[in-house]
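One letter stands for each residue in the lines below.
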Amino acid sequence: MERWIEEDIDHLTNKFGIQNAFGLVRDLGINVQFNNLGSNIYGYNNNSHRIPMIVINNTIDERTQNGVCYHEIFHIRHHKGFNTQFFAINTTSFLSDNNEVEANKFMLTMLKEEYGWSKQQDILRFLDYFRLPHELSSLM
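Just so you know, these numbers come straight off a predicted model, no measurement behind them.

Enquirer: Whenever I open this one, the side chain of Asp-8 confuses me. Can you help?
Expert: Among the secondary structure elements, Asp-8 is positioned in helix α1 (residues 3-16). Within the structure, the side chain of Asp-8 is placed 3.0 Å from the side chain of His-78, a separation counted as a polar contact. With residues up to four places along the chain from it excluded, the contact list for Asp-8 reads Phe-74, Arg-77, His-78 and Phe-106.

This is how it looks when you write it as structure tokens:
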């Protein structure tokens, strides 16, 4: 993983401690909304009058929502003006676009730290636990 992403994770965990994504988003002052985004979209972020907001699909399970929240936190912090739908079905952009790769690495690392997942444990079981695509295993 890129050193600057590791440093950002260290900064956040030192400042706020290891917590879930929704505790972190609260501490960062980012608004979160839950809406039915259909079956194709997990979530997205945008800014309204310079106020960052994350919108998460309320039809996905809580563990996946937690991962989506981490993913969008990273975009808000490091990809200003970058808006996309996270894990839109029938797309591989989560691996081909550098912004998505960075946000996914951040998300996976934060989930591993929060849930205490070790490198020795099965990666595919980890992804299944959060209902994330197996293609993300190449980032771990």
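Text resumes after the structure shown.
Enquirer: Help me out: how do you make sense of the pairing of strand β3 (residues 51-57) in this one?
Expert: Every other side chain in a regular strand lies on the same face of the sheet, so the side chains alternate between the two faces. Judged by how many residues are buried, β3 sits mostly within the fold: 6 of 7 residues are covered. Pairing analysis gives 5 bridges linking strand β1 (residues 31-35) to β3, with the strands arranged parallel. Bridge assignment links Val-32 to a residue of β3, and that residue is Ile-54. In the sheet, strand β2 (residues 43-48) pairs with β3 via 6 bridges, with the strands oriented antiparallel. Pairing of Tyr-44 across the sheet is with Val-55, part of β3. If you look at the hairpin formed by β2 and β3, you'll find 2 residues sitting between the two strands, and His-49 has a positive phi there, around 55°.

Enquirer: Sorry if this is basic, but what is going on with the nonpolar core here?
Expert: Soluble, globular proteins show a tendency: their nonpolar side chains are buried together. By size, the foremost hydrophobic cluster in this structure holds 31 residues, and its most contacted members are Ile-54, Tyr-70, Ile-73, Phe-106, Leu-108 and Leu-132. Contributing elements (two or more residues each) for this core: α1, α2 (21-28), β3, α3 (62-78), α5 (98-115) and α6 (123-129). At 7 residues, the largest contribution of residues to this core is made by α5. What Tyr-70 contacts, discounting residues up to four positions off in sequence, is Gln-19, Asn-20, Ala-21, Leu-24, Phe-106, Met-107, Met-110, Leu-111 and Glu-114.

Enquirer: Is there a simple way to think about the packing of α2 against α3 in this case?
Expert: The geometry of a pair of packed helices is captured by two quantities: the angle between their axes and the separation between those axes. Between α2 and α3, the shortest axis-to-axis distance is 8 Å and the interhelical angle comes to 30°. The angle between the axes of α2 and α3 places the two elements in the roughly parallel class. Contacts from Ala-21, Phe-22, Leu-24, Val-25 and Leu-28 in α2 reach Gln-65, Asn-66, Cys-69, Tyr-70, Ile-73 and Arg-77 in α3. Grouping the constituent residues of the contact of α2 with α3 by class yields 8 nonpolar, 2 polar and 1 charged.

Enquirer: Is there a simple way to think about the sheet that holds β3 in this case?
Expert: The pairing of strands in a sheet happens through backbone hydrogen bonds and is either parallel or antiparallel. Reading across the sheet, the 3 strands line up as β1-β3-β2 and stay open at both edges, with mixed pairing between neighbours. The open sheet is flanked by β1 and β2, the only strands paired with a single partner. When strand polarity is set aside, the average angle formed by the axes of neighbouring strands in this sheet is 25°.

Enquirer: Hey, could you run me through unusual backbone geometry in this one?
Expert: Excluding glycine, residues mostly have negative phi values, and the peptide bonds linking residues are mostly trans. A positive phi is found at His-49, a non-glycine position, where the angle reads about 55°. With respect to the secondary-structure elements, His-49 resides in the loop between β2 and β3. A relative accessible area of 74% means that His-49 is categorised as exposed. One non-glycine residue, Arg-50, adopts positive backbone phi at about 70°. In this structure, Arg-50 sits in the loop between β2 and β3.

Rules behind the numbers
- Residues numbered from 1 in each chain as written.
- Predicted model: local features only at pLDDT ≥ 70, side-chain atom pairs only at ≥ 80, totals over all residues.
- Heavy atoms only, no water.
- Helix = DSSP H or I, 4+ residues; strand = E, 2+ residues; numbered from the N terminus.
- Polar contact = N/O pair within 3.5 Å; in protein donor to acceptor, adjacent residues only side chain to side chain.
- Contact = heavy atoms within 4.5 Å.
- Buried < 20%, exposed > 50% of the residue type's maximum accessible area, 1.4 Å probe, protein only.
- Pairing = 2+ DSSP bridges.
- Core = buried A, V, L, I, M, F, W, Y, C linked by side-chain atoms within 4.5 Å.
- Axes fitted to C-alpha atoms, helices over the stretch in contact; angles between N-to-C directions.
- Parallel < 35°, antiparallel > 145°, perpendicular 65-115°, else oblique.
- Nonpolar A, V, L, I, M, F, W, Y, C, P; charged D, E, K, R; others polar.

By themselves, these figures tell us nothing about what the structure is for.
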